[in-house]
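Observations on the model geometry
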Amino acid sequence: MSDIRYSEDHEWIILDGDVGTIGISDYAQGALGDVVFVEMPEIGASLDKGAEVGVIESVKAASEIYTPVSGEIVAVNEAVDGDPSLVNTDPLGEGWLFKIKLSKPEELNGLSNQDAYNKFLEGLD
Amino acid sequence: MSQSPQDQALQQTALHALHVELGAEMVPFAGYDMPVRYPMGIMAEHLHCREKAALFDVSHMGQFNLAGDDAVAELEKLVPGDINSLKTGRMRYSLLLNEQGGILDDLMITRGAKDLFIVVNAACKDADEAHMRAHLAGDTRLTKLDDRALLALQGPQAANMMGQYDAKLAKMPFMSGMQASLDGLDCFVSRCGYTGEDGYEISVANDQAEDLARALLAFDDVEPVGLGARDTLRLEAGLCLYGSDIDTNTTPIEASLTWTIGKRRKIEKDFPGAGPIMDQLFDGPSRLRVGIRPDGRAPARAHTEILDLDGNIIGEITSGGYGPTVGGPVAMGYVDAAFANDGTEVGLNIRNKVHKAHIAPMPFIKKGWK
């Protein structure tokens, strides 16, 4: 498995072979607040990097999820569908959202590692 | 020269420093820097209010005193409620109406021994003041109570706490108001609220507001609650948010607020917009504000289209989201009158997908006040 990588839209991705698992960062779940519904992408959908892939609804508002890499959706997290609060309680683990088979693995190079993402977050406040 | 947003400094309530100290996330609301949530989070804050007690800062709202022998008669020229029949110490929910029958604001009116105490929405308070000053004649004297804060203590435990300051506060009827001393602070206390729970609103001098807030927060069962949960609480309670669910384009009849028109006022037809409103009452309105329960789990937010089963647009959601006590999405909005009956199946266009829903009675929760 690869190290975790982050987009500036606060999605994370961990690569296993040519399949990436994607979720939202701990910062993002904290900013959204209590997650009550996630609209997941359809399995089999092919998406370009940056495309809207789903929506996270918190008590406060709806927020779009963007895929940080291009590829084909191969799985969605049914557990989050049943208990959306997993996105709050374990955003980097059980609260993952979907898996994507990368069509352009080189796009990973454009994403931030943990240190760079932490620095990016410091710049937001 | 145009003003940049930075020039339009947000106003602060007397409790601003306390909100920051308590770790609130502050957001602009109606020109004020207000707490939207505390570290507890909107969901837990909402549930705490339903189970125990919540303290809200609603000092951004407009408080007015209207005095003078003609105060009741003059105010009745602006609202459809029967204020004349209101007994001393009792309060009533009412509406400021324009001549077309549109709603300029909703407000609370409490009758004192010699005067009226009025609370209006923050976003409307300057316009309301101008409207009242332009129309209130006779010997009326309108005073804006800028020197006072307004706190709301809401929830099933609120009466126990207020009763510890003064036993009369625990016994006062819902929709009544009285002067009281809370921890030695001179307050005007109303038993009312905007959550669907039993509770109180407490008007106190700005320079004593923080002392009062700290005294109330010292009770084990009280937590500070922000505007985020205030919105989900009032939505579950089926209460209108001015600017979203009612405005100058909606009449009391369409808004399902016909009950705010006093019986005597209907007969005398002497309130603003009485002509069009009474016509609408007689003929039936073309659309009505209703409660809506999505059958699935996707929340339907404001401006979501409401569809009939053939896909025709029959209305629009005006407030919607997740109801923490209901445990699912709830909404209200306007639909063509033919679709307004409870149980009617409708569709909701959420991100270009049709989600099933049905018209449902409000409140969505069991009301906590008597």
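Anything mentioned here points back to the structure above.
Heads up: these notes are all about the structure in this document. Just so we're clear, the structure is a prediction, and the values are computed from it rather than from any experiment.

Our next topic: the interface of chain B and chain A. Contacts between chain B and chain A engage 14 residues on the former and ten residues on the latter. When contributions to the side of chain B that touches chain A are tallied by element, the ones reaching two or more residues are α2 (42–51), α8 (227–236) and β16 (313–323) of chain B. Broken down by class, the residue content of the side of chain B that touches chain A amounts to six nonpolar, four polar and four charged.

A negative phi holds for most residues other than glycine; trans holds for most peptide bonds. In this structure, the amide linkage connecting B:Met362 to the following residue, B:Pro363, adopts the cis form with an omega of 0 degrees. In this structure, B:Pro363 sits in the segment after β19 (353–360).

Residue and element names in this part refer to chain A. As summarised here, the arrangement of the three strands in space is β4-β6-β7, forming an open sheet in which the pairing is antiparallel. Each edge of the open sheet carries a strand with a single partner, namely β4 (35–39) and β7 (62–66). Ignoring strand direction, the axes of neighbouring strands in this sheet form an average angle of 25 degrees. Sheet topology places strand β6 (residues 52–58) next to β7; five bridges connect them, and they run antiparallel. Within the sheet, the bridge partner assigned to Ile 56 lies in β7 and is Ser 63.

Right, let's get into the packing of α2(B) against α8(B). Residues and elements named next belong to chain B. Contact pair α2 / α8: the axes reach a minimum separation of 9 Å and the direction vectors enclose 55 degrees. One element, α2, and the other, α8, form an angle in the oblique class. Remark: the crossing between α2 and α8 carries right-handed chirality. Between α2 and α8, the contacting residues are Ile 42, Glu 45, His 46 and Cys 49 on the first element and Gly 228, Ala 229, Thr 232 and Leu 233 on the second.

Glancing now at the nonpolar core. Residues and elements named next belong to chain B. Leu 55, Leu 151, Leu 153 and Ile 202 are the most contacted members of the largest nonpolar core, which has 90 residues in total. Those residues within four positions of Ile 202 in sequence are excluded, and the remaining contacts are Leu 151, Leu 153, Leu 182, Cys 187, Val 189 and Leu 212. Ranked by size, the runner-up nonpolar core spans 22 residues in total, among them Val 290, Ile 317, Met 362 and Phe 364.

Every α-helix winds through 3.6 residues per turn, so residues three or four apart in the chain are directed the same way. Residues and elements named next belong to chain B. Those residues of helix α4 (residues 125–135) lying buried are Lys 125, Asp 128 and Met 132. Take α4 and look down its axis: the buried residues cluster within an arc of 60 degrees, on one side only. Facing away from the buried side of α4 by over 90 degrees, the exposed positions are Ala 130, Arg 133 and Ala 134. Close packing links the buried residues of α4 with β4 (62–67), β5 (91–97), β6 (103–111), β7 (115–120) and β8 (141–144).

Reading guide: rules and limits
Residues numbered from 1 in each chain as written. Chains lettered and ligands numbered in written order. Predicted model: local features only at pLDDT ≥ 70, side-chain atom pairs only at ≥ 80, totals over all residues. Contact = placed C-beta atoms within 7 Å. Helix = DSSP H or I, 4+ residues; strand = E, 2+ residues; numbered from the N terminus. Nonpolar A, V, L, I, M, F, W, Y, C, P; charged D, E, K, R; others polar. Pairing = 2+ DSSP bridges. Axes fitted to C-alpha atoms, helices over the stretch in contact; angles between N-to-C directions. Parallel < 35°, antiparallel > 145°, perpendicular 65-115°, else oblique. Left-handed = near helix turned anticlockwise from the far one by under 90°. Core = buried A, V, L, I, M, F, W, Y, C linked by C-beta atoms within 7 Å. Buried ≥ 20, exposed ≤ 12 C-beta atoms within 10 Å, placed from the backbone. Arc of directions from axis to C-beta.

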